[in-house]
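# Summary of structural features
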Amino acid sequence: MMGLDIAFWVLAVVSVGAALAVVLMRDIFRAALFLMLCFLTVAGIYITLSADFLAGAQVLIYVGAIGVLIIFAIMLTRESRRGSPSGRLRLPALFIGLLFLVTMVFVVVSTDWHVIAELPTEPTTTAIAQALFSGEDGFVLAFEIAAALLLAAIIGAIVLVREK
Amino acid sequence: MSVGLEHFLILSAVLFAIGLYGVLAKRNAVVILMSIEIMLTAVNIAMVAFSRYSHIISGQVFVIFIMVVAAAEAAVGLALIIAIYRSRKTVDAEKFDLMKW
Amino acid sequence: MPSGVIFAIILLPLFSFLIISFIFRPFFNHRPQLSWYTTIGAIGTSLALSIWTFIEVSAQEGHVLAMPDYEWLAIGDTVINIGVTVDALAAVMLIVVTVVSLMVQFYSRGYMHGDGGYIRYFAFMSLFTASMLGLVLADNLIFLFLFWEGVGLCSYLLIGFWFHKPEAARAAMKAFVVTRLGDFGFLVAILLLYAKTGTFDIGELQHLALAGTLGGAVLTWAAIGVFSGAMGKSAQFPLHTWLPDAMEGPTPVSALIHAATMVAAGVYLVARMFPVFASDATAITTVAVIGGFTAIFAATMGLVMNDIKRVLAYSTISQLGYMMLGLGVVGMAVASGTISTEHGLTLGVAVGIFHLFTHAFFKALLFLGAGSVSHATGTFDMRMMGGLRKAMPWTYLMFLIASLSLAGIWPLAGFWSKEGILAQAQDTAPILFYLAIITVFMTAFYMFRVIFLTFCGEYRGKAHLHESPLVMLLPMGILTILAVIAGLIGVNEFLGEHSYGFFEALTHPLAWASLCLAGAGIFLAYAIYGAKWLSAASLRQRFAPIYTLLSRKYWLDELYENLFLMRLMINGIFGLFHWVDGHIVDGAVNGIATVTVMGGSLIRRLETGQLQAYGLAIFIGIIAIVAFLLIFS
């Protein structure tokens, strides 16, 4: 569909541009803000993929929580002069990055994907809920473990950062 | 031309490569962490694309879990960076070379 | 006759050695006489058994006792047996070895009395006797070589008996190393013969050589190799330099080993392998030439020595040359066809071994006499002696008889054996004959020089003179009797050869020639040293260059030790080896270590400690794997 295509292209360009700004910009704070822009556009991309629940989750978690967290960290570790310089390995890294990109594109293009072109019709929330919580084919165990993981992460972060 | 699965996958690859460059080439530890988040997001996009084009919902369930882990990892990672900053007064990745020969 | 008896002849002295070494020396150190009794008992029994063997062999047709072989070692197709050959040659050698050994052991009781190494001495003496007996009885080359090395070892141990004397230690080393050169040739020859014929058995080798199967260059080289071993042990030129130095050992040792038995082993070897030698003209001529040359060469050096034992040592070398000459000329006759092979083989062995037989007795007696003299005067230097015949009449008498026997005066033992050799040489090799006949003159001269300097005139030393005890004189006496009659008891017939009658021998012109020359030598010695009509000192001055040449032993020792050994070998070749070892071998080893360390210090730069570098490496790896999978599937 036309609308979907246009939306995709716009969002794609913006997200790639924002990501480039994150890694190339000297000022960290601006870089963090561009990161949050990148996350927002990715949420938009989810919507073009009919993943409504995930789009919401993306905004909540990434933009809301992780982005703010990163800004806090930047504030707390401000090195006045330095900012965000490039390291010694930038040329090899550039080369590797490009190589990687070329490889992936080659793989994607040359693979014969079996796709179903029709849009999915139902809202995904129910489907995800059913997939997560239904008894036999579900991901209940993974869900519970994820909860434990979060608990551990919270405790770990607190332990690391508290004053002695 | 109509947007298909390949477009989303190539977008995912581009974002991943950008994130990779950031991880390997930047000196500020926080920027490295931000680049890692970009990489994880790129993977998420790929997952959701596969889920939509094969009508299997497990892809999106997987994305939820990846988000959970990404959040936890970002929290702990930044806590680490702050702790390091407290003792060494720097977050320059090139200065962390205690394992050097 | 059971073969066990033959083995017992070897084993009894061997057990004596073991008992003395492992039981008496550790536990009965305070009763040294026990070891003497053991040795005497063992060797005496061996003597009795040897006499019995002799009787048995002479009773047999063809003078051979057949003895079974025992298999000792089998490696694949190679089989090495233990076996003995009991023929006329072996029987004669058994008698020689056991008689002289027993007499020397008796004598040693008096001579070595009070010495700190008394027990060790008799242990080594037993071991030596056992090895020598094994050597003469062995029927294959491996076992012969085994006992060959055994006698060499005992020689080393006994020359260096007083090892705290540096000269003795050096002499022992010199003896061992010089004979080693010969032994090397011997071993190569054994291996060569085995490679060509597949057997070590001496009897088989003899048959192959006679049949002509074993011939040509192989036979020549093998025979020369065997002879080089004989040259080493029997002190023939150029491997003779060790024997005069070996006089550092106790005198009974010199009597037994370096006069009668071990040095005779070389002659025995040539005799045992005589068919092999006689089949090759080159080899047997070499034997004859070296024998003849050594005879006169050593005699010249014996003319000027001041030490009694040195004179006797050179005399021994000279007489061994005679024995080799005897074997050699008969072999030459066989090889050239002058004598029939069958007759020649027995004749050669008879001629050489007969002289070995007589020489063993009178030379051992001469050494024991020299020991008796030193027992009284405390020295071997003849310049410190003189007029001893008044104080030591018995020693004088026996020494005199032995010297006459050595000089070849009728009717003593030496006459018969020496005449045999001279007669053969005259027929076959005139040049060698002339050398030998001149040596007769020199032999008589130097022996009587010794007698006049030692026993006649006025005593020039300071010791208190006395005759030796009975335990020393009695064995000397027995040897004296043998030195007189050994030529007449029919050993020649026993070895298969015809000999001359008692008075018939005097009708030959050769006999008169040699007797005249011997007499002339005695007379000249009397003229210079006895009646002093000519002054020894003035003669020494007139012929000073010759005198220097002889008394410095033709500078051969200097040649061998200074030039060859030190300069060429040690500094030159071994120095080169040392350099290679230090620089190249060590350099390679150190080089590997250095390269490893350098490589390590290069590679460790990868460990930067920085995460991003590691991450980069990981991603390079991932891309490589992915690309690999893409391309090849």
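Residues numbered from 1 in each chain as written. Chains lettered and ligands numbered in written order. Predicted model: local features only at pLDDT ≥ 70, side-chain atom pairs only at ≥ 80, totals over all residues.

## Topic: the overall build of chain C
Of the regular secondary structure elements, chain C holds 26 helices and four strands. Here chain C holds 633 residues, and 50% of them are scored as buried. Within chain C, contacts between residues at least 6 apart in sequence are counted, and of these 81% link residues at least 24 apart. (Helix = DSSP H or I, 4+ residues; strand = E, 2+ residues; numbered from the N terminus. Buried ≥ 20, exposed ≤ 12 C-beta atoms within 10 Å, placed from the backbone. Contact = placed C-beta atoms within 7 Å.)

## Quick word on the overall build of chain B
The helix and strand tally for chain B stands at three helices and zero strands. The helix and strand sequence of chain B, counted from the amino end, reads α-α-α. Every one of the 101 residues in chain B was classed for burial, and the buried ones make up 59%.

## Re the interface of chain B and chain C
Facing the eleven residues of chain B at the interface are ten residues of chain C. Residue classes in the side of chain B that touches chain C are distributed as eight nonpolar, no polar and three charged. (Nonpolar A, V, L, I, M, F, W, Y, C, P; charged D, E, K, R; others polar.)

## A few points about the pairing of strand S2 (residues 70-75) of chain C
All names here are of chain C. Burial analysis of S2 places just zero of its six residues in the buried class, a small minority of the element. Note: S2 against strand S3 (residues 78-82), five bridges, orientation antiparallel. Bridged to Ala74 within S3 is Val79. Here S2 hands over to S3 after two residues, with Gly76 in that stretch at a positive phi of 65°. (Pairing = 2+ DSSP bridges.)

## Observations concerning the nonpolar core
Side chains that are nonpolar tend, in soluble globular proteins, to be buried together. Residues C:Val270, C:Ala364, C:Leu365 and C:Ala483 are the most contacted members of the largest nonpolar core, which totals 208 residues. Element by element, the count of residues in this core is highest for helix H15 (residues 341-377) of chain C, at 20 residues. Core analysis: the second largest hydrophobic core is formed by 80 residues, A:Val23, A:Tyr62, B:Met47 and B:Ala75 among them. (Core = buried A, V, L, I, M, F, W, Y, C linked by C-beta atoms within 7 Å.)

## A short note on the interface of chain B and chain A
Interfaces are often sized by the accessible area lost when the parts come together. In this assembly, 63 residues from chain B lie in contact with 71 residues from chain A. Every element with two or more residues in the side of chain B that touches chain A is listed here: helix H1 (5-25), helix H2 (29-54) and helix H3 (58-88) of chain B. At 21 residues, H3(B) tops the list of elements feeding residues into the side of chain B that touches chain A. Residues that form the side of chain B that touches chain A fall into these classes: 44 nonpolar, twelve polar and seven charged.

## Points about the packing of helix H13 (residues 281-302) of chain C against helix H14 (residues 308-336) of chain C
All names here are of chain C. At a minimum axis separation of 7 Å, H13 and H14 run at an interaxial angle of 155°. For the element pair H13 / H14, the angle class is roughly antiparallel. Pair H13 / H14 crosses with left-handed handedness. For the contact of H13 with H14, a count of residues per class yields 19 nonpolar, eleven polar and no charged. (Axes fitted to C-alpha atoms, helices over the stretch in contact; angles between N-to-C directions. Parallel < 35°, antiparallel > 145°, perpendicular 65-115°, else oblique. Left-handed = near helix turned anticlockwise from the far one by under 90°.)

## Let's talk about the packing of helix H19 (residues 430-455) of chain C against helix H22 (residues 509-530) of chain C
Residues and elements named next belong to chain C. Direction vectors running N to C along H19 and H22 enclose 35°, while the axes themselves pass 7 Å from each other. For the crossing formed where H19 meets H22, the hand is right-handed. Across the interface between the two elements, Ile437, Val440, Phe441, Met442, Ala444, Phe445, Phe448, Arg449, Phe452 and Leu453 of H19 pack against Ala513, Ser514, Leu517, Ala518, Ala520, Gly521, Ile522, Leu524, Ala525, Tyr526, Tyr529 and Gly530 of H22. The class makeup of the residues in the contact of H19 with H22 is 18 nonpolar, three polar and one charged.

## Quick notes on unusual backbone geometry
At the junction of C:Phe237 and C:Pro238, the peptide bond is cis and its omega measures out at 0° in the coordinates. For C:Pro238, the position within the fold is in the loop between helix H8 (216-233) and helix H9 (242-245). Even without a glycine there, the phi angle at B:His55 is positive, about 55°. Here B:His55 shows up in the loop between H2 and H3. Positive phi values are uncommon outside glycine, yet B:Lys89 reaches one of about 60°. Its location among the elements puts B:Lys89 in the segment after H3.

## Some thoughts on the environment of C:Met382
All names here are of chain C. As for its position among the elements, Met382 is in the loop between H15 and helix H16 (388-391). Look at Met382 and you get buried, because 22 C-beta atoms sit within 10 Å. Along the sequence, Met382 and Val450 sit 68 residues apart, while their C-alpha atoms lie 7.5 Å from each other. Contacts of Met382, omitting those with residues within four sequence positions, involve Asn306, Ile308, Val450, Leu453 and Thr454.

## A look at the environment of B:Asp97
By secondary structure assignment, the location of B:Asp97 is in the segment after H3. Residue B:Asp97 is classed as partly exposed on the basis of its 14 C-beta neighbours within 10 Å. When residues no more than four places from it in sequence are discounted, the contact partners of B:Asp97 are C:Thr608, C:Gly609 and C:Gln610.

## Quick notes on the confidence of the model for chain C
With 98% of its residues at a pLDDT of 70 or more, chain C has an overall mean of 86. What the predictor reports for the complex is a pTM of 0.70 with an ipTM of 0.92. (pLDDT = per-residue confidence, 0-100.)

## Description of helix H18 (residues 413-428) of chain C
Between its first and last C-alpha, H18(C) extends 24 Å over 16 residues, near the 22 Å set by a 1.5 Å rise per residue. Across the 16 residues of H18(C), 13 count as buried, placing the element largely inside the fold. (Expected span 1.5 Å × (residues − 1).)

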